[in-house]
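Structural overview for review
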Amino acid sequence: MSLSRTIETPEISGALGTVPTPRKHVLDLDDFSREEITEVLGSARGMKEVLGRDIKKVPALRGKVIVTLFYEASTRTRISFEEAGKVLSADVINMSASGSSAEKGESLLNTGLTIQAMGVDTIVIRHPHSGAPYLLAQHLDKVSVINAGDGLHAHPTQALLDLYTVQDKLGSLEGLKVVIVGDVLHSRVARSDIWGFAKMGAKVVLSGPATLMPPDLMRSSKNIARSHFASLVEVDTDLDRAIEGADVVMALRLQQERQNAGFLPSIREYIRRWQVTDDRLERAKPGAMVMHPGPMNEGIEISNSIAHGGSSVIEEQVTNGVAVRMALLYQLTIGPGQES
Ligand code: CP
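A brief look at the structure comes next. Bear in mind that the values here come from a model prediction, so they are computed numbers and not experimental data.

Focus: helix α15 (residues 314-333)
- For α15, which comprises 20 residues, the first-to-last C-alpha distance of 29 Å matches the rise-based estimate of 28 Å (1.5 Å per residue) to within 8%.
- A bend of about 25° at Asn320 is the largest found in α15.
- Counting buried residues along α15, 16 of its 20 residues qualify, which places the element largely inside the surrounding structure.

Rendered as structure tokens:
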């Protein structure tokens, strides 16, 4: 089956290129093929060209309605989805749990059904419970659902923007060594990034305190049967060793409450062993990129000089997030039979 069809709308065809593979929802990356990821990254490239114009506006989603439904705090994801929708001329409505009828006890499902009844095309949801976007996708037949982060489970749009950022800088993802360091156990970003980077042929190495590595991955090092997820990665709790020859080093946010929960000996010890610093980066490949999904605890998981130094692509990740989310909104909203 052909992966794409040509758009005929003249004012956008140059930038956006093609109508991508039909897909109704984006819930995680585990059901994306390599071809589909490649297609999203290619579409995002066209979207980035739109974002570079003096007038950042194309009529691709004119007449479409997107609701961002956030039950958790967000700066990057929520604003970038809003910007993405607006650049594509969709009407974007932002809803937080705070101030909504969720505060009166309305269930997530009834909230979703209510939004669907208003004729909305796409719901972008962030929720503290893993699986919340799946619930909506299962029960709402007229809207597309995009997972903007669910519990500890997944953050697929973050992973796609991370893939885009690396591919944009290094040309290809195949064969790269990507080191993800920090609190992998509680990181939905890490879980989606592992799927994405591994699917695209990169080698993923996780580093951090053993207590913050997913237990199935730690068991695998003791020759207990590995899950498919575990088979995608290696774990090396010694960051100085793990970082050797890395093309990409991604630091994850350390939630300081983990210390009270007994996951860490102390923040000082964490900084000493796992902070991404100039000295440690010397061990990586020359020109290695440093990433962070944000928000950062500067001076804890990443030094100030690295966070704002020449190897950091953290701000580019944010910029690319808008382009990648434009590509996804476009793909989901202009599905088969939906062109105007
Ligand atoms: N990376 C990320 O999800 O950031 P926000 O929480 O600010 O959206």
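Overview of the site of the ligand
- Taken together, Ser74, Thr75, Arg76, Thr77, Arg126, His155, Gln158, Pro293 and Gly294 are the residues near the ligand.
- Ser74 is positioned with one of its side-chain polar atoms (N or O) 2.6 Å from an oxygen atom of the ligand.
- Taking Arg76, its side chain carries an N or O atom lying 2.6 Å from an oxygen atom of the ligand.
- In isolation the ligand exposes 250 Å². Once the protein is present, 92% of that is buried.
- Among the residues making up the shell around the ligand, the classes are represented as one nonpolar, six polar and two charged.

Examining unusual backbone geometry
- Residue Gly294 is joined to Pro295 through a cis peptide bond whose omega torsion reads -10°.
- Even without glycine at this site, Ser89 takes up a positive phi of about 70°.
- Structurally, Ser89 can be placed in the loop between α3 (76-87) and β4 (91-96).

What counts, and at which threshold
- Residues numbered from 1 in each chain as written.
- Predicted model: local features only at pLDDT ≥ 70, side-chain atom pairs only at ≥ 80, totals over all residues.
- Heavy atoms only, no water.
- Helix = DSSP H or I, 4+ residues; strand = E, 2+ residues; numbered from the N terminus.
- Expected span 1.5 Å × (residues − 1).
- Bend = angle between axes of the 7 residues up to and from the residue.
- Buried < 20%, exposed > 50% of the residue type's maximum accessible area, 1.4 Å probe, protein only.
- Near = heavy atom within 4 Å.
- Polar contact = N/O pair within 3.5 Å; in protein donor to acceptor, adjacent residues only side chain to side chain.
- Areas by Shrake-Rupley, 256 points an atom, 1.4 Å probe, with all protein chains shown as cover.
- Nonpolar A, V, L, I, M, F, W, Y, C, P; charged D, E, K, R; others polar.

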